[in-house]
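An overview of the molecular structure
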Amino acid sequence: NPNIDMVSFTGSTRAGKQVSLAAAPTLKRISLEMGGKGANIIFDDLIEDDDDMEYFREVIESGVYNVMSNSGQTCNAPTRMLVPAQHWEFALSTAKEIASSVRVGSAHEDGDHIGPVVSRSQYERIQGYIQAGIEE
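Parameters and conventions
Residues numbered from 1 in each chain as written. Predicted model: local features only at pLDDT ≥ 70, side-chain atom pairs only at ≥ 80, totals over all residues. Heavy atoms only, no water. Helix = DSSP H or I, 4+ residues; strand = E, 2+ residues; numbered from the N terminus. Contact = heavy atoms within 4.5 Å. Core = buried A, V, L, I, M, F, W, Y, C linked by side-chain atoms within 4.5 Å. Buried < 20%, exposed > 50% of the residue type's maximum accessible area, 1.4 Å probe, protein only. Pairing = 2+ DSSP bridges. Right-handed = clockwise from strand over helix to strand, strands pointing away.

1. Focus: the environment of Ile-60
In this fold, Ile-60 is placed in helix H2 (residues 53–68). Residues Ile-60 and Asn-76, spaced 16 residues apart in sequence, show a C-alpha to C-alpha distance of 17 Å. Not counting the four nearest positions on each side in its chain, Ile-60 is found in contact with Ile-42, Met-81, Val-83, Ala-91, Thr-94 and Ala-95.

2. Quick word on the nonpolar core
Among the nonpolar cores identified, the biggest contains 11 residues, and these are Ile-42, Leu-46, Ile-47, Met-53, Phe-56, Ile-60, Val-64, Val-83, Ala-91, Ala-95 and Ile-98. For this core, the elements supplying multiple residues, two or more each, are H2 and helix H3 (88–101). Counting residues per element, this core draws most heavily on H2, which supplies four residues. When residues no more than four places from it in sequence are discounted, the contact partners of Val-64 are Met-81, Ala-95, Ile-98 and Ala-99.

3. Side note on the pairing of strand S1 (residues 6–11)
A regular strand places its side chains on the two faces of the sheet in alternate fashion. Here six bridges tie S1 to strand S2 (residues 29–34), and the two strands are oriented parallel to one another. Bridge pairing links Gly-11 to Met-34 in S2. Once the chain exits S1 it traverses helix H1 (residues 13–23) before rejoining the sheet at S2, and the crossover so formed is right-handed.

Limitation: the analysis is restricted to geometry and does not speak to function.
See the structure below:
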């Protein structure tokens, strides 16, 4: 549309490329936010003594649940949790415990659970991200 001067887009890299191509013939300015992988950074000063470990656990729990909202399919999901190295094992076991407790069910079912992903290709993309995270 010649009346549009700028396009702002948030989404996948693939769609961002299509937006760029569509905007190029008229030299529209574009702003793209693609990919996600927001960091959830937990700094060392959160844990000053052993009494703070329960709060640290709550922060880890909150971070895991934030990733799970909308079945983990949000562009701003904080999918990279960075914790102080000396507390990595605790954070890992806590995150695993919390994630394992999340129930997956039908989107048509009432209750406290997350629904499945939208398509087979989305499922495979998610599995790829999980594998990349494991390898990193």
